[in-house]
Amino acid sequence: MATGKRKRILIRGTYFDYPSLFLIVFLLLFGLMMVYSISSYKASVSIGDSAYYAKRQLLFGGVGFIVMLLVSKIRYQILRTWSMVIIILTVLLLLSVFVIGKASNGSTRWINIGVISFQPSEIAKLSLIIYTAHICTAKSGYLKTFIGTAIVMLIPIGCVVIIAVENLSTAVICAVIVIAIWFVATPKPIYLLFVAIGGALFLYLFITFFSYRGDRLEAWRDPEHSANGYQTMQALYAIGSGGLFGRGLGQSVQKLGYIPEAHNDMIFSVVCEELGIIGGAALIIVFVLLLWRFRFIAEGAPDRFGALLVVGVIAHLGFQVILNISVVTNLLPNTGVTLPFISYGGSSLSFLLLELGVVLSVSRQIVPIGNEKEVAR
């Protein structure tokens, strides 16, 4: 009996996507290198330990990597059983932010439990991927009508609205995740048009009623003369001064107190300053390769639920990379979104690796061509 239960939970598959694993390891090590290079000056001056931020990133990345490998050995199908519990707990966490949340930079996004500090919105990304993939699989018939779609998407939309109150940029990412999974599950362009109109109206209302978001738009349009455009201008100076080949690893000038929190949201600008436009482009190519491998996993997934899980992760990772780089290069207003794998941040990195563990779990159940009879036991 115990053996049977083990077989239902653990995977003993015939395939594992090692190219994805290699790209993940590369991004983790590259991110750790850049966090140390960029944060060493600040850490040395303010804390007295030049490797302080790098050591914390190594801790979270190492633990997250081990958890990712462990999750990859568990059948992702069990997530369907717990999807409702997961989304309910996530909603409660999101609501608890308004009661016990910690304010930071004008917004209340963090929850502190002892020495642990995290953003429930980071958990919400994975929860929405799991729940939306499940509901689009279980209630696929509802997606044939607009009213049915609205009913099915009620909980995901509610989560996005709750997140948007204090964290509009993360709410947009979560909305993109939900829309991507829904669209792949039932591609109806006319529905997508309604969603786009509704999303544009939603953003307009939030920008109108929350003045600090209007200030970000002003800084985006004219960062040179805006009181809030300093960070953007310094990031652009960093990219421009790096030129084609960069100043050299560790030789950034803008990281020496010019770019606020250079190791966080604006880290891509210092990557370009130290490694040049070529280095920045190479990093983007690595992200593209990883997303391409994930597409391969989604296409080979043994069931609809697994495919939609991977689609959600692709939407999350891809859109967040685009959003961060667009902000750094001033193609979009400042949003405070980190660059996955590269920016400093323990909670965001940990939950991202948890997502990737689910993707690798799907990859373990792919049956290679020629081994169709070798079903994962």
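Counting restarts for each chain, with residues numbered from 1 along the sequence as it is written. The model is predicted, so local features are restricted to residues of pLDDT at least 70 and side-chain atom pairs to those at 80 or more, both for listing and for counting; the totals for chains, interfaces and linings are taken over all residues. Where side-chain values are given, they derive from all heavy atoms of the structure, hydrogens and water being excluded.

Considerations on the overall build of the protein
Formally: A run of DSSP states H or I qualifies as a helix once it reaches four residues; a run of E qualifies as a strand once it reaches two. Both are numbered from the N-terminal end. The classification of residues rests on relative accessible area computed with a 1.4 Å probe and restricted to protein chains. Under 20% of the type maximum is buried, over 50% is exposed, and intermediate values are partly exposed. Residues are treated as being in contact if the distance between any of their heavy atoms lies within 4.5 Å. All accessible areas in this document rest on Shrake-Rupley with a 1.4 Å probe, and a residue is counted as covered only by the protein chains that are shown.
Scanning the protein from N- to C-terminus turns up 14 helices and three strands. Looking at the protein residue by residue over its 377 residues, the buried ones come to 47%. Across the protein, contacts joining residues at least 24 apart in sequence account for 75% of those joining residues at least 6 apart. As presented, the protein carries roughly 18000 Å² of accessible surface, and 69% of it is formed by carbon and sulfur atoms.

A few points about the pattern of salt bridges
Basically, it comes down to this: A side-chain nitrogen of Lys or Arg and a carboxyl oxygen of Asp or Glu constitute a salt bridge if their distance falls within 4 Å.
Evaluation of the coordinates by the stated rule reveals six salt bridges. Residue Glu274 is joined to Lys255 by a salt bridge in which the shortest nitrogen-to-oxygen separation is 3.4 Å. Of this pair, Glu274 sits in helix H12 (residues 267-300) while Lys255 sits in the loop between helix H11 (230-242) and H12, and the two are 19 residues apart along the sequence.

Here's the deal with the side chain of Ser121
Position of Ser121 among the secondary structure elements: in helix H5 (residues 120-138). With near-sequence residues (within four places) excluded, Ser121 lies in contact with Leu94, Ile163, Asn167 and Thr170.

Quick notes on a nonpolar patch on the surface
The line we're drawing: Residues forming no salt bridge and having over 30% relative accessible area are the ones grouped into patches, like charges within 9 Å of each other and nonpolar side chains (Val, Leu, Ile, Met, Phe, Trp, Tyr) within 5 Å.
A contiguous nonpolar patch, built from Ile9, Ile74, Ile78, Trp82, Met84, Val85, Ile88, Leu89, Leu92 and Ile155 and spanning about 840 Å² of accessible area, is present on the exposed surface. Among the elements that take part in the nonpolar patch, helix H4 (residues 78-100) stands out by supplying seven residues, more than any other. Looking at the element boundaries, Leu89 is found in helix H4.

Some words on the packing of aromatic side chains
So the rule is basically this: Between rings of Phe, Tyr and Trp, where Trp is taken as its six-membered ring, a pair exists when centres lie within 6.5 Å; planes separated by under 30 degrees are stacked, by over 60 edge-to-face, and by other angles tilted. Any Lys NZ or Arg CZ found within 6 Å of a ring centre and within 35 degrees of that ring's normal is scored as a charge over the ring.
Across all of its chains, the model carries seven aromatic pairs by this definition. Taking 4.8 Å as the distance between ring centres and 65° as the angle between the ring planes, the aromatic pair formed by Phe16 and Tyr18 counts as edge-to-face. On the accessibility criterion, Tyr18 (56% relative accessible area) is exposed. Taken together, the aromatic side chains of Tyr52, Tyr53 and Tyr344 make up a single cluster linked through ring pairs. Stacked on the ring of Phe305, the Lys or Arg Arg80 has its end atom at 5.5 Å from the ring centre.

Side note on the nonpolar core
Here is the rule we go by: Note on terminology: a nonpolar core comprises buried Ala, Val, Leu, Ile, Met, Phe, Trp, Tyr and Cys residues joined through side-chain atoms within 4.5 Å.
Grouped together as the largest cluster of nonpolar side chains are 92 residues, with contacts concentrated most on Cys136, Phe294, Leu309, Leu339, Phe341 and Ile342. Here this core gets 13 residues from one element, more than from any other, and that element is helix H13 (residues 304-328). What Ile342 contacts, discounting residues up to four positions off in sequence, is Leu27, Phe30, Gly31, Val35, Gln57, Ile267, Leu283 and Phe287.

Examining the confidence of the model for the protein
Defined as follows: As a per-residue measure, pLDDT reflects the predictor's confidence and takes values from 0 up to 100.
Scored by pLDDT, the protein has a mean of 84; 85% of the residues are at 70 or more. Per-element mean pLDDT across the protein ranges from 50 in helix H1 (residues 2-9) up to 95 in H13. Contacts from residues 1-7, a stretch scored under 50 in pLDDT, to residues over four places away or in other chains number three contacts.

A short note on the environment of Ile314
Structurally, Ile314 can be placed in helix H13. C-alpha of Ile314 to C-alpha of Leu290: the two residues are 24 residues apart in sequence and 9.1 Å apart in space. If we ignore the near neighbours within four places in the chain, the residues touching Ile314 are Leu291, Phe294, Arg295 and Phe319.

Observations concerning unusual backbone geometry
In terms of backbone geometry, most residues other than glycine have negative phi values and most peptide bonds are trans. The backbone of Asn330 shows a phi angle near 65°, a positive value even though the residue is not glycine. Note on placement: Asn330 falls in the loop between H13 and helix H14 (346-364). The backbone of Phe341 shows a phi angle near 75°, a positive value even though the residue is not glycine. Within the secondary structure, Phe341 sits in the loop between H13 and H14.

Quick notes on the side chain of Ser269
Selection rule: Any N or O atom pair separated by 3.5 Å or less is treated as a polar contact, with the protein-specific requirement of one donor-capable and one acceptor-capable atom, and with residues adjacent in sequence counted only for side-chain atom pairs.
In this fold, Ser269 is placed in helix H12. Side-chain polar atoms of Ser269 contact the backbone oxygen of Met266, separated by 2.6 Å. Apart from residues lying up to four places away in sequence, Ser269 is in contact with Ala235, Ala238, Ile239, Ile259 and Val328.

What about the packing of H4 against H5?
Put simply, the rule is: All axes are obtained by fitting lines to C-alpha atoms, using only the stretch in contact for helices, and the reported angles, taken between N-to-C directions, cover 0 to 180 degrees. Left-handed is the label given to a crossing in which the near helix is rotated counterclockwise from the far helix by less than a right angle, and right-handed is the label when the rotation is clockwise. Note that Gly is not counted as nonpolar here; it falls among the polar residues with everything else outside the nonpolar set of Ala, Val, Leu, Ile, Met, Phe, Trp, Tyr, Cys and Pro and the charged set of Asp, Glu, Lys and Arg.
Look at H4 against H5: their axes get within 8 Å of each other, and the N-to-C directions meet at 145°. By crossing handedness, the relation of H4 to H5 is classed as left-handed. Between H4 and H5, the residues in contact are Leu79, Arg80, Ser83, Met84, Ile86, Ile87, Thr90, Leu93, Leu94 and Val97 and Pro120, Ser121, Ile123, Ala124, Ser127, Leu128, Ile130, Tyr131, His134, Thr137 and Ala138, respectively. Looking at the contact of H4 with H5 residue by residue, the class counts come to 14 nonpolar, six polar and one charged.

Some words on the state of the cysteines
Our working definition: To count as a disulfide, a pair of cysteine sulfur atoms needs to be within 2.5 Å.
All chains considered together, the criterion is met by zero disulfides. With no disulfide of its own, Cys159 lies 8.2 Å from the sulfur of Cys174, the closest cysteine sulfur. The exposure class assigned to Cys159 is buried, which follows from its relative accessible area of 1%.

Comments concerning the packing of helix H2 (residues 18-46) against helix H3 (residues 52-72)
To keep things clear, this is the line we draw: By definition in this entry, angles of less than 35 degrees are roughly parallel, angles greater than 145 are roughly antiparallel, angles of 65 to 115 are roughly perpendicular, and the rest are oblique.
Orientation of H2 relative to H3, taken along the N-to-C sense of each, is 160°, at an axis distance of 7 Å. In this view, H2 runs roughly antiparallel relative to H3, as classed from their interaxial angle. Note that H2 runs across H3; the crossing there is right-handed. Residue-level contacts link Leu21, Ile24, Val25, Leu28, Leu32, Val35, Tyr36, Ser39, Lys42 and Ala43 of H2 to Tyr52, Tyr53, Ala54, Gln57, Leu58, Phe65, Met68 and Leu69 of H3. Taken together, the residues that form the contact of H2 with H3 break down as 15 nonpolar, two polar and one charged.

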